[in-house]
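# Breakdown of the fold
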Amino acid sequence: MAMMPGATNRLLANQARQGRMQSYDAAVLHTMVGSLAGTDSMFQKDGTVGTESHFGVGENGEICQWVDTAYTADANYLGSGHVISIETADYGGSFGRWNTNGDNVPYWNAKQIVAIVKILQWVHKTHGIPLRAMKSVTEKGVGYHAQGVPNNGLPASLRGTKYQWSKYPGKVCPGKKRISQIPEIVRLAQGNTAPTTQPAPEPATPKGVLGMTKRINAYRKKAQKATGTRHLMIDDKGNYTIATGPAEAVVSAKADISGLKKGEHGFLILAEVMYKKGQPTVISREIATVKVTANTVWSVAGAWALPKDHKGKSPRLRLIFKTSSKTATAHNVYISGVRD
Ligand SMILES: [Zn+2]
């Protein structure tokens, strides 16, 4: 059994007839040409008899799991025994209606990006799939459907092998706009790659994600107390604030939590707080929360539009640890993100 915590359980009937995964080479992104609800009802109707994927991501970042990752899902044709597949919504609702002939799939929105980041982090932790953007179908890591499609990314010499991910030549899934977002999404999933020192600011990418081109990077190696409702320092200079409003941001944060005693837990929270010098800083919104139950590395990801100053208070994005433990500490705090 391998079910992702936080995903809605929509397991299809007769999982076991799918056969077990033979290896975990890649997490592969797809687009539905549809909505999550529509795709879900199609998959539920056919059960595991038709084509299905392991995960689905909706327009609002909802995650559902259709197939236990112990078993194969058929979305990647000959690669299905080696690939975790992730379908994503792209049609109707806020995406509107678009001409589905051609390569017109709209960009993933911020909530979908956060959901994809969470799935990638989970499959990395659970199945060891590397958090790197695959340059070709034979690498291991995070890829997209068209990389294994004949007359598209698949080299002719690999037809008929496990690298052939579709029967249908020329398929463009998940579309050029979404493909362009993948490197930044993988970077967000990594949390940060800085080894031991404060990372140098990276140049803004030409596209970034969602037109957000400023990168957010911070790293604090030193241990800090993480008791009570504690705003965590994000660098060794003692800064707390990840972003100050007004700003739109997609952020992933990681922290190594230790000092929890048996039975103790905590919550790692990406939060909007209202700051004013000389006044208590209050949490105005919990953007994303993960329950921390053991002494190990935890990650949390979220997207948020920080408003402008409000009644003399400045809205800020911070990482907070909340616990009743008297001994919890945090070290190796990594912040990675993009903002406008
Ligand atoms: Zn696909």
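With that out of the way, let us pick up the pairing of strand 5 (residues 83-88). A regular strand places its side chains on the two faces of the sheet in alternate fashion. Strand 5 sits mainly inside the fold: six of its six residues count as buried. Burial along strand 5 is two-sided: Val83, Ser85 and Glu87 facing one way and Ile84, Ile86 and Thr88 facing the other are all buried. Looking at chain direction, strand 2 (residues 26-29) and strand 5 are connected through four bridges and run parallel. Residue pairing for strand 5: Ala27 is matched across the bridge by Ile84. Strand direction decides the pairing type here: strand 3 (residues 55-57) and strand 5, joined by three bridges, are parallel. Along strand 5, the bridge assignment pairs Gly56 with Glu87.

The subject of this paragraph is the confidence of the model for the chain. Averaged over all residues, the pLDDT of the chain equals 92, while 95% of them reach at least 70. Counting interchain partners and residues more than four positions distant, the pLDDT-below-50 stretch residues 194-206 has 22 contacts.

So, about the domain arrangement of the chain. Assigned domains of the chain: these are domain 1 (8-189) and domain 2 (196-339). For domain 1 and domain 2, the distance between their C-alpha centres works out to 29 Å. Taken together, the 14 residues of domain 1 in the interface contact 19 residues of domain 2. Both sides of the domain 1 and domain 2 interface together cover about 1300 Å² of buried area, and 61% of this is carbon and sulfur. Sorting the residues of domain 1 by area buried against domain 2 places Glu184, Arg187 and Leu188 first, and these three jointly supply 44% of that buried surface. Put simply, domain 1 and domain 2 have one salt bridge between them. Between Glu184 and Arg215 there is a salt bridge, with the nearest N and O atoms lying 3.1 Å from each other. Inspection of the region where domain 1 meets domain 2 yields five residue pairs in polar contact (both at pLDDT 80 or more). Looking at the side of domain 1 that touches domain 2, the elements that each hand over two or more residues are helix 2 (110-127) and helix 3 (176-190).

Let us now look at the state of the cysteines. By the definition in use, this model includes zero disulfides. This cysteine, Cys64, is not joined by any disulfide, and Cys173 carries the nearest cysteine sulfur, 16 Å off. Classification of Cys64 by relative accessible area gives buried; the value is 4%.

Take the coordination of the zinc ion next. With distances of 2.1 to 2.3 Å, the protein atoms coordinating the zinc ion are His30 (ND1), His145 (ND1) and Cys173 (SG). Considered as a linear motif, the donors of the zinc ion on their single chain read H-x114-H-x27-C. One end of the pair, His30, is in the loop between strand 2 and helix 1 (36-46); the other, Cys173, is in the loop between strand 6 (141-144) and helix 3, and 143 residues separate them in sequence. Taken as a pair, His30 and Cys173 share a single burial class, namely buried.

Counting across every chain of the model gives eight salt bridges. Two residues, Asp40 and Arg10, come together in a salt bridge whose shortest N-O distance is 2.6 Å. Taken as a pair, Asp40 in helix 1 and Arg10 in the loop between strand 1 (8-9) and strand 2 lie far apart in primary sequence, 30 residues in all. Asp40 gets classed as buried once you look at its relative accessible area, which sits at 12%. Among the ionic pairs, Lys162 bridges to Asp25, the shortest N-O distance being 2.9 Å. Here the residue Lys162 occupies a position in the loop between strand 6 and helix 3, and Asp25 occupies one in the loop between strand 1 and strand 2, the gap between them amounting to 137 residues. The exposure class assigned to Lys162 is partly exposed, which follows from its relative accessible area of 30%. Among the charged side chains, a salt-bridge network with shared partners connects Asp25, Lys140 and Lys162.

Let us now look at the environment of Gly191. For Gly191, the location among the structural elements is in the loop between helix 3 and strand 7 (214-220). For Gly191, a relative accessible area of 0% gives the class buried. With 142 residues separating them along the chain, Gly191 and Val333 place their C-alpha atoms 9.4 Å apart. When sequence neighbours within four positions are dropped, the list of residues in contact with Gly191 reads Ser252, Lys254, Tyr334, Ile335 and Ser336.

What follows deals with the sheet that holds strand 1. Across the sheet, six strands lie side by side as 1-4-3-5-2-6; this open sheet has mixed pairing. In the strand order of this sheet, the two ends are held by strand 1 and strand 6, each with one partner. In the packing of helix 3 onto the sheet, the strands contacted are strand 2, strand 5 and strand 6, and the crossing angle to strand 6 comes to about 170°.

What follows deals with the packing of aromatic side chains. Pairs of aromatic rings are described using the distance from one ring centre to the other and the angle between the two planes. Taken as a whole and judged by the stated rule, the model has four aromatic pairs. For the pair Phe43 and Trp66, a centre-to-centre distance of 4.6 Å together with 80° between the ring planes defines the contact as edge-to-face. One end of the pair, Phe43, is in helix 1; the other, Trp66, is in the loop between strand 4 (63-65) and strand 5, and 23 residues separate them in sequence. A single burial state applies to Phe43 and to Trp66, both of which are buried. Between Tyr91 and Trp98, the ring centres sit 5.6 Å apart and the planes meet at 65°, which makes this aromatic pair edge-to-face. Using a relative accessible area of 14% as the deciding quantity, one classes Trp98 as buried. The lysine or arginine in question, Lys125, covers the ring of Trp298, its NZ or CZ lying 5.0 Å from the ring centre. For Arg178, the ring lying beneath its charged end belongs to Phe95, and the centroid distance is 5.5 Å.

Scoring rules and cut-offs
- The residue numbering used here restarts from 1 in each chain and proceeds along that chain's sequence as written.
- With the structure being a predicted model, the display of local features is reserved for residues of pLDDT at least 70 and the display and counting of side-chain atom pairs for 80 or more, all residues being used for whole-chain, interface and lining totals.
- Values shown for side chains rest on all heavy atoms present in the structure; no hydrogens or waters enter the calculation.
- Type-normalised accessible area, obtained with a 1.4 Å probe on protein chains alone, sets the label of each residue: buried when under 20%, exposed when over 50%, and partly exposed for intermediate values.
- Comment: elements are numbered from the N terminus, with helices defined as DSSP H or I runs of at least four residues and strands as E runs of at least two.
- Any two strands with at least two DSSP-identified bridges between them are counted as paired.
- Every residue carries a pLDDT, the predictor's confidence in it, which falls somewhere between 0 and 100.
- Only heavy atoms enter the contact rule, under which two residues are in contact if any of them lie within 4.5 Å.
- Where each domain begins and ends follows an automated or database-derived domain assignment.
- Buried area is calculated as the accessible area (1.4 Å probe) missing from two parts once they are joined, with the contributions of both summed.
- The term salt bridge refers to a pairing of a side-chain nitrogen on Lys or Arg with a carboxyl oxygen on Asp or Glu at a separation within 4 Å.
- Contacts described as polar in this section are N or O atom pairs within 3.5 Å, which, within protein, must combine one atom able to donate a hydrogen with one able to accept it, while residues neighboring in sequence count only if both atoms come from side chains.
- Put simply, a disulfide is two cysteine sulfurs that come within 2.5 Å.
- Because water is not among the atoms used, a metal site may look incomplete, as its donors are only the N, O and S atoms within 2.8 Å, or 3.2 Å for Na, K and Ca.
- Each axis is a line fitted through C-alpha atoms, and for a helix only the stretch in contact is used; angles between axes span 0 to 180 degrees, taken between their N-to-C directions.
- Working definition: rings of Phe, Tyr and Trp (its six-membered ring) pair if their centres are within 6.5 Å, and the pair is stacked with planes under 30 degrees apart, edge-to-face with planes over 60 apart, and tilted otherwise.
- In this analysis the charged atom, NZ for Lys or CZ for Arg, is taken to sit over a ring once it is within 6 Å of the ring centre and within 35 degrees of the ring normal.

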